[in-house]
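Next come the chains, spelled out residue by residue.
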Amino acid sequence: MEKLRILHTNDLHSHFENFPKIGRYLQKAQQDKTVDQVLTFDAGDFMDRSHPLTDATYGQANIKLMNSFNYDAITIGNNEGISNSHEVVEHLFDHANFPVVLANLREKDESMPHWAVQDKILTTKKGTRIALIGLTAAYPLSYEPNHWHVKMLKDAMDEVLPKIEGKYDVLILLTHVGLNMDSFLAHNYPQIDLIIGGHTHDLLPHGRNVNGVWITQTGKWGHYVGNIHVEIDDKHHIQRISPHVVATSSMREHDDDQKTILSYRERGKEILSQEKVADLPEKYDGDREAAIDVSLDAIADFAGTNLAMLSTGLFLEPFKKGIITKYDLQKILPHSMHIVRSRLKGSDLWRLVMEIEKNRHYLDHFPLQGMSFRGKVFGQMHYRGIKFDPLSKAVFVEGKEINPAKEYQIAVLDHYVLVPFFPTLAIVGDNQFLFPQFLREVIGDYLAKKYPIIR
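Residues numbered from 1 in each chain as written. Predicted model: local features only at pLDDT ≥ 70, side-chain atom pairs only at ≥ 80, totals over all residues. Heavy atoms only, no water.

Digging into the overall build of the protein
Alright, step 1. Within the protein, the secondary structure is distributed over 15 helices and 23 strands.
Alright, step 2. Along the three orthogonal principal directions, the C-alpha set of the protein runs to about 80 × 50 × 40 Å.
Alright, step 3. When the 455 residues of the protein are sorted by exposure, 57% land in the buried category.
Alright, step 4. Counting contacts in the protein only where the partners sit at least 6 residues apart, residues at least 24 apart contribute 73% of the total.
Alright, step 5. Of the roughly 19,600 Å² that the protein leaves accessible, carbon and sulfur atoms contribute 50%.
Alright, step 6. Taken as two groups, the 51 positive and 59 negative side-chain charges of the protein have centres that lie 2 Å from each other. (Helix = DSSP H or I, 4+ residues; strand = E, 2+ residues; numbered from the N terminus. Buried < 20%, exposed > 50% of the residue type's maximum accessible area, 1.4 Å probe, protein only. Contact = heavy atoms within 4.5 Å. Areas by Shrake-Rupley, 256 points an atom, 1.4 Å probe, with all protein chains shown as cover. Lys, Arg positive; Asp, Glu negative; His and termini not counted. Charge placed at Lys NZ, Arg CZ, Asp CG, Glu CD.)

Here it is in structure tokens:
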């Protein structure tokens, strides 16, 4: 009988406050002599540019720290593939000491990214052949304008499985596709033995068995580490899979952990603070309305539209007068959101405004999570070029009542396409996702042009 121990993480999202404990736990567990072999995997979203060190180093600080975790393989999440420009992703793994397994992402010419492999076969010390397949969230609306071709999960699986048929004894998927899609894979591909997943931040303390396939996730932010025990017979057939998680809070803290954690943030702050963006006049000092107004101008300018909308909850801090740096912008707007140019008929734009106004008071204090949002509440929606008359329910565009038959273009965020409160955008909007800059970069570039630093 062969005994394996599989350690795994997912959705760390640059929560470096948990890295010291996780690193020590993994390094100790990897020396476990009660099993024949220990394998370690990550299921994506290990980086998040809402942390200043990740933002300042374009994820290279994450790679350096992850190298010390001794991963046997990882896959990427949407925060790696979408929140970075194509060029950044091309060099993200230049110094990684672990392979990236990814079956459903291609360059525009359909070639494999040079930093990834479609699948990987690991052979254990006792000769068991373990096939690894990696899958990331299939978001064509976001990947395609970032110059990637993302394949749907079924297409990717149907392509790779025949190629590795007969070459493995155990099939493990590293997925960043979410629990529902993991269940879809389990139902449709019963030859899978184990799915180590992520993306939807589900905590499965003892895994979930779907159609004979074990699915595991460890929640989010490094609060838990996955710990799976696998028993394999002498013919290399799995006899038992026992998934568990270990709470990071139960791991011993060292005296210098807090100093180390603080140093990560301070290093990021130091780098970003050196990059000066603009010299803002007095009117922006602590005035959130002024900050929103100029930000609306920024996204409209970037999208080439006259209309735009933004919500107040995006702005975690007000602007200040004087020199504003990349670190200031990172604190104010930590979200990795992209601008979307949405084309709508006048009748549909009217309906979008009705959806916003209907939900306005509800959303003002609504606590929101996910969809790239790194704030606390949604807040109030502000418009550029749009006025609403609550008595007549009339909508005016640049001073004229909206024409139901006319087409309008409005700059919005991918965030608003994804949230469920404004279905018009997702259902009938002709939405063009704009890359590579995301929200704070777009605003920073606009401020730099409007209020240049005079040297």
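Thoughts on the packing of helix α10 (residues 288-303) against helix α15 (residues 439-450)
Alright, step 1. Running from N to C, α10 and α15 cross one another at 100°; their axes reach a closest spacing of 9 Å. For the element pair α10 / α15, the angle class is roughly perpendicular. Here α10 contributes Val294, Ser295, Asp297, Ala298, Ile299, Asp301 and Phe302 to the contact with α15, which in turn contributes Leu439, Val442, Ile443, Tyr446, Leu447, Lys449 and Lys450.
Alright, step 2. Looking at the contact of α10 with α15, its residues break down into nine nonpolar, one polar and four charged. (Axes fitted to C-alpha atoms, helices over the stretch in contact; angles between N-to-C directions. Parallel < 35°, antiparallel > 145°, perpendicular 65-115°, else oblique. Nonpolar A, V, L, I, M, F, W, Y, C, P; charged D, E, K, R; others polar.)

Here we look at the side chain of Thr216
Alright, step 1. Note that Thr216 resides in strand β11 (residues 213-216).
Alright, step 2. Beyond its immediate stretch of four places on either side in the chain, Thr216 contacts His8, Leu194, Ile195, Ile196, Gly197, Leu204, Gly207, Ile228 and Pro243.

Structural notes on unusual backbone geometry
Alright, step 1. In this structure, Pro436 follows Phe435 across a cis peptide bond, with omega equal to 5°.
Alright, step 2. Following the sequence through the fold, Pro436 ends up in the loop between β23 (430-433) and α15.
Alright, step 3. If you check the backbone angles, His147 has positive phi at about 70° while not being a glycine.
Alright, step 4. Counting through the fold element by element, His147 comes out in the loop between α6 (140-143) and β7 (148-150).
Alright, step 5. Residue classification places His147 among the partly exposed residues on the basis of a relative accessible area of 48%.
Alright, step 6. Even without a glycine there, the phi angle at Asn211 is positive, about 60°.
Alright, step 7. Here Asn211 shows up in the loop between β10 (208-210) and β11.

Overview of the pairing of β23
Alright, step 1. A one-sided burial pattern is seen for β23, the buried positions being Asn431 and Phe433 and the unburied ones Asp430 and Gln432.
Alright, step 2. Relative to β23, strand β17 (residues 339-345) runs antiparallel, the two being bridged by four bridges. Each residue of the ladder has a partner; that of Val340, found in β23, is Phe433. (Pairing = 2+ DSSP bridges.)

Overview of helix α3 (residues 60-67)
The periodicity of an α-helix, 3.6 residues per turn, causes residues three or four positions apart to be oriented the same way.
Alright, step 1. Within α3, six of the eight residues are buried, which leaves the element mostly enclosed by the surrounding structure.
Alright, step 2. Every buried residue of α3 is listed here: Ala61, Asn62, Ile63, Leu65, Met66 and Asn67.
Alright, step 3. On the buried face of α3, the contacting elements are α1 (19-29), β2 (37-42), α2 (52-57), β3 (73-74), α5 (86-92) and α9 (257-273).

Re the pattern of salt bridges
Alright, step 1. With the rule as written, the count across this model stands at 23 salt bridges.
Alright, step 2. Notably, a salt bridge pairs Glu282 with Lys321, separated by 3.3 Å at the nearest N-O pair. In this pair, Glu282 is assigned in the loop between β14 (276-280) and α10 and Lys321 in the loop between β15 (307-311) and β16 (322-325), connecting sequence segments 39 residues apart.
Alright, step 3. Assessed through its relative accessible area of 53%, Glu282 is described here as exposed.
Alright, step 4. Here Lys331 and Glu317 are joined by a salt bridge, their closest N and O atoms 3.7 Å apart. Highlighted residues: Lys331 in helix α11 (residues 326-332) and Glu317 in the loop between β15 and β16, separated in sequence by 14 residues. (Salt bridge = Lys/Arg side-chain N within 4 Å of Asp/Glu carboxyl O.)

A short note on the sheet that holds strand β21 (residues 400-401)
Alright, step 1. Across the sheet, which stays open at both edges, the three strands sit in the order β19-β20-β21 with antiparallel pairing between neighbours. Each end of this open sheet is capped by a strand with a single partner; those strands are β19 (386-389) and β21.
Alright, step 2. Relative to strand β20 (residues 394-397), β19 runs antiparallel, the two being bridged by four bridges. In the strand pairing of β20, Ile386 is matched with Val397.
Alright, step 3. Most of the contacts of helix α12 (residues 346-364) go to β19, to which it runs at about 65°, and overall it touches β19 and β20.

Here we look at the environment of Gln432
Alright, step 1. Note on placement: Gln432 falls in strand β23.
Alright, step 2. The exposure class of Gln432 is partly exposed, given its relative accessible area of 42%.
Alright, step 3. Separated by 291 residues in the primary sequence, Gln432 and Leu141 have C-alpha atoms spaced 7.8 Å apart.
Alright, step 4. If sequence neighbours within four positions are ignored, Gln432 has contacts with Ile339, Val340 and Arg341.
Alright, step 5. Polar contacts involving the side chain of Gln432 include one to the side chain of Arg341, which spans 2.5 Å. (Polar contact = N/O pair within 3.5 Å; in protein donor to acceptor, adjacent residues only side chain to side chain.)

Quick notes on the packing of aromatic side chains
Alright, step 1. According to the stated counting rule, one finds 20 aromatic pairs in the structure shown.
Alright, step 2. For the pair Tyr71 and Phe98, a centre-to-centre distance of 6.1 Å together with 80° between the ring planes defines the contact as edge-to-face. One end of the pair, Tyr71, is in the loop between α3 and β3; the other, Phe98, is in the loop between α5 and β4 (105-107), with 27 residues separating them in the sequence. For the residue pair Tyr71 and Phe98, the accessibility class agrees, reading buried in each case.
Alright, step 3. Here Tyr284 and Tyr451 contribute two aromatic rings whose centre-to-centre distance is 5.4 Å and whose plane-to-plane angle is 75°, an arrangement assigned as edge-to-face. (Phe/Tyr/Trp six-rings, centres within 6.5 Å; stacked < 30°, edge-to-face > 60°.)

What to know about α9
Alright, step 1. In this model, α9 (17 residues) spans 24 Å end to end at C-alpha, consistent with the 24 Å of a helix rising 1.5 Å per residue.
Alright, step 2. Three or more residues of α9 are buried, namely Asp257, Ile261, Tyr264, Gly268, Ile271 and Leu272. In an axial view of α9, the angular spread of the buried residues amounts to 105°, which keeps them on one side of the axis.
Alright, step 3. Buried positions along α9 lie against α1, α2, α3, β16 and α11. (Expected span 1.5 Å × (residues − 1). Arc of directions from axis to C-beta.)

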